[in-house]
Amino acid sequence: MIRLRFGPSPTGNLHIGTLRTALFNWLYTRSKLGKFILRIEDTDLLRSKPEYEQNIKEGLEWLGLNCDEGPEEAGDFGPYRQTDRIKEGYYKRALEELLEKKKAYYCFCTVSDLNGERESSKSAGKPYVYSRKCCALTPEDVKSRLSENIPYTLRFKMPENNSLLFKDIIRDDIKFDCTLVSDFVIMKSDGSPSYNFACVVDDKDMKITHVVRGEDHISNMPKQLAIFEALGSPAPEYAHMPMILGTDRSKLSKRHGATSVTEYRDQGFLKEAFINYLSLLGWSPNDEQEIFSLDEIISQFGLDRVSKSGAIFDIKKLTWMNGQYIRKCSPEDLFERAWPFVTDTLKSKLTTLYSAEDLVKIVNSVKDNLDTLADVSSYIEVYANTEDEYLDKLSNFEFSESDKSVILHFSDFLATSSDLNKVSVDQALDSILEKTGLGKGKVFRPLRIASSAEKSGPHVSELLAILGKEKLQNRLSGLLK
RNA sequence: GGCCCCAUCGUCUAGUGGUUAGGACACCUGGUUUUCAUCCAGGCAACGGGAGUUCGAUUCUCCCUGGGGCUACCA
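Bear in mind that the values here come from a model prediction, so they are computed numbers and not experimental data.

About the criteria used
- Counting restarts for each chain, with residues numbered from 1 along the sequence as it is written.
- Whichever chain is written first becomes A and whichever ligand is written first becomes 1, with later ones labelled in order.
- Side-chain atom pairs in this predicted model are given and counted only at pLDDT of 80 or more, local residue features only at pLDDT of at least 70, and totals for whole chains, interfaces and linings cover all residues.
- Neither water nor hydrogens contribute to the side-chain values; these are computed over all heavy atoms in the structure.
- Proximity is defined per residue: if any heavy atom of the residue lies within 4 Å of a molecule or strand, that residue is considered near it.
- N or O atoms closer than or at 3.5 Å make up a polar contact, with two conditions inside protein: a donor-capable atom paired with an acceptor-capable one, and, for residues adjacent in sequence, both atoms drawn from side chains.
- What counts as a helix is a DSSP run of H or I of at least four residues, what counts as a strand is a run of E of at least two, and both are numbered from the N terminus.
- Fitting a line to C-alpha atoms yields each axis, with helices limited to the stretch in contact; the angle taken between N-to-C directions then spans 0 to 180 degrees.
- By definition, turning the near helix anticlockwise from the far helix through less than a right angle yields a left-handed crossing, and turning it clockwise yields a right-handed one.
- In this description, contact between two residues means that some pair of their heavy atoms is separated by no more than 4.5 Å.
- When residue character is reported, Ala, Val, Leu, Ile, Met, Phe, Trp, Tyr, Cys and Pro are called nonpolar, Asp, Glu, Lys and Arg charged, and the others, Gly included, polar.
- Note on aromatic pairs: the rings of Phe, Tyr and Trp (six-membered ring only in Trp) are paired at centre separations within 6.5 Å, and the planes decide the class, stacked below 30 degrees, edge-to-face beyond 60, tilted for the rest.
- Note on classification: 1.4 Å probe, protein chains only; a residue is buried when its accessible area is under 20% of the maximum for its type, exposed when over 50%, partly exposed between these limits.
- Here, a charge over a ring is recorded when the distance from Lys NZ or Arg CZ to the ring centre is within 6 Å and its angle to the ring normal is within 35 degrees.
- Every definition here rests on a 1 Å grid over the protein atoms only: cavities are sets of points where a 1.4 Å probe fits but cannot get out, pockets are open sets enclosed by protein on both sides within 12 Å along at least five of seven lines, and lining residues have some atom within 4 Å of a point.
- Grid points are joined across faces, edges and corners, and a volume is the space filled by probe spheres set on the points.

## Points about the protein's contact with RNA strand B
Of all residues adjacent to RNA strand B, which total 60 residues, the nearest are Asp44, Arg171, Glu290, Asp368 and Val460. A share of 75% of the atoms of RNA strand B within 4 Å of the protein falls on sugar and phosphate groups. The side chain of Thr43 places a nitrogen or oxygen atom 2.7 Å from a phosphate oxygen of RNA strand B. Note that a base nitrogen of RNA strand B is positioned 2.8 Å from one of the side-chain N or O atoms of Arg448. Counting residues per element, the ones that place at least two in the surface near RNA strand B are helix 5 (111-123), strand 4 (153-156), strand 6 (172-177), strand 11 (311-312), helix 12 (315-328) and helix 20 (440-452).

## Description of the packing of helix 18 (residues 401-416) against helix 22 (residues 469-480)
Helix 22 packs onto helix 18 with a crossing angle of 145° between their chain directions and a minimal axis gap of 10 Å. The two elements helix 18 and helix 22 cross, and the hand of that crossing is left-handed. For the pair helix 18 and helix 22, the contacting residues are Lys404, Ile407, Leu408, Phe410, Ser411, Leu414 and Ala415 in the first and Lys469, Leu472, Gln473, Leu476, Leu479 and Leu480 in the second. Grouping the amino acids of the contact of helix 18 with helix 22 by side-chain chemistry returns 9 nonpolar, 2 polar and 2 charged.

## Observations concerning the packing of aromatic side chains
Inspection of the entire model under this criterion finds 17 aromatic pairs. When the ring of Tyr264 is compared with that of Phe269, the centres are 6.0 Å apart and the planes differ by 55°; the resulting orientation is tilted. On the basis of relative accessible area, Phe269 is assigned to the buried category, the value being 5%. Geometrically, the ring pair formed by Phe410 and Phe413 is tilted, given 5.3 Å between the ring centres and 50° between the ring planes. With Phe410 and Phe413 both in helix 18, this residue pair falls 3 residues apart, about one helical turn. By the burial criterion, Phe410 is buried, and Phe413 matches it. An aromatic cluster is present here, built from Trp62, Tyr264, Phe269, Phe274, Tyr277 and Phe313 joined pairwise through their rings. Its guanidinium or amino end placed over the ring of Tyr325, Lys328 lies 4.9 Å from that ring's centre, counting from NZ or CZ.

## Observations regarding the layout of surface pockets
Volume-wise, the largest pocket comes out at about 1,100 Å³. Mapped by element, the contributors of at least two residues to the lining of the largest pocket are strand 1 (3-6), helix 1 (16-32), helix 2 (50-63) and strand 8 (210-214). By residue number, the principal contributor to the lining of the largest pocket is helix 1, which donates 5 residues. Residues that form the lining of the largest pocket fall into these classes: 12 nonpolar, 17 polar and 11 charged. Lys102, Tyr105, Leu137, Pro139 and Val142 are the residues nearest the centre of the second largest pocket, which is lined by 15 residues in total. If you list the elements that add at least two residues to the lining of the second largest pocket, you get helix 4 (90-100), strand 3 (104-107) and helix 6 (139-147). The residue makeup of the lining of the second largest pocket, split by class, is 10 nonpolar, 1 polar and 4 charged.

Structure representation (C-alpha cells):
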C-alpha cells in the first residue's frame, strides 16, 4: 500500500502552492487506495505558530482533504507533529546512530565563523562548501569543548562519492555533483533537528513510499538521499511538481497577494470549483474534459500526466469555473451556500418580507449572475427595497401611454389572480403581448421598472412572481393614479 | 557567481518525426434573451533563437537565450 505525506510547516497560512501539493498527494492516495498522512513540520521553533497550524487544517478541511493519519487522527506511526517527535526522542536516536557510525560530527563553529568562510569563498569566486574544520577535531577536543558548554551543532558528513543520480517520477533522471554539497547541519544548537534531517527520519519511520512535493526541493535530494543511505534505509520514490507562479512568474509569495486559501472560501468560491481548477493546474486528463466531479478526477489522476513547467494561477479561469458550478446547484443547495454571504441588514429585511420558500426562489432567480457567492447580496437587493426606496428610484423613470396600458393590463391580471408564480406570470405576460401587439421590449421593460424601479435584474416573470400580488398592486396602482 | 529544473496562443494546457498544431479561460464579433448575466455560434492568437540528425523537425541531440528554484543553525 502506498503511503504519502503532506508536510506543511506552520510558519504561514496555507496558500495556493502548498495546497496544490496537498491536493496532488491526496488525489494520488485516493486513486491508489493508499494512505494520506498529515505531518506538521514545526522544527522552526521561532517561526512556527499554532494559528498557522490551525489555518492549514481549516483550509484542508474546507476542501475535504481529510487525512488518514495525522496529529488528530489515530495512526501507528505517530506522533505526527515534529515537536512531539523531538520530545519522544526519534531524532536523538537517529543522531546517535549517525554519530556512532562516524557519519555525523560536532561542530563548534559560530555563525560569524561561517559567515567568514562564506565571504572568503565568495571573494575568491568559488562555490561555498563548509570547510569541515570541526570534522578534524579529536574526541578529546570535542570532550573538552563540551565540558566548557560551548554551543554546538551536529553536522552530517557527506559521503565522498562525487556524483549522484536519481529518477524523478515527473522529470526522469536528475544528477548532482556531491562535492558541491556542504556537510550540513542536522541538529541546530538549540537541539532541534534541521529540516533535511527530520524529514528523512520521519519519512523512514513513517514508511513513506512516495514523496510528492514542489520542485524547490529538488536541490535537497543529495542531502536527503545521503541520509537515507547513512541510516541504511531505502529511499521512497520522488515526484517533484512544478511550482505555482505569481503573475510575474516568480515563486508565489505574499507580495503577489498569496492569500490564505480560506480567503477564497470567504470570497465565495465553491470548494468543488476550487479543487477542479487546482487539479488542472499542472495536471491534465487524457481528453479535453475540464469540468469534473471529484470521483472523476480521482479515477483519472496520475503522476504520469503532471507537467514539468511552472504555472500561473489564473483567478479569471477559477472565477469562470466557479460560475459553472454555481449554475449546477439546485435551488435549495444554492440557497444554503449563498445565504451566509448575504449581508446582515439584507438578511433581516428579506426574512421579514418573505417566506422561507420565497427566499430560496429569490436566490435562485439571480443564479446566472453570480461569479462568486459573495456577489449574491448586490443582485438580490432589489427584492428588499422599502416603498420609500422604491419611490425614490422610480423618480428617475417616466412612463409613456403605451407603458401605462401595459401596466394596466397587468393590474387587471393581478386583480383576478390569487397566487402568483412564474408560470402564471409568464402566461399573463404572453397574453399581454398578444392583446397589445407590442414587442417584448415594450412590455417587459415597463413592468420591470414599474415593479422594481430598476432597468435590469432577475428575469421579469420570476421578479414579479416573487415580489407578490400585494406589493405589485400597491406599486402599480400608485403609478396609474 | 555555482548547481539544478523548465521552455506550445496573453493565461492553463493537449499533441505528433509528415497535423489546417487541438481544447479551455480571457478578449472581439454575431445570435438568443425584456435588461445585465446565462446560453449558442464564430473570430483573434503559440511551437524563444541557432546549429546538427533526417527526405522531412514544434517533436530527437547540442549550444545560446530566457524564466524559475536552491545555494541557512528556514522549511
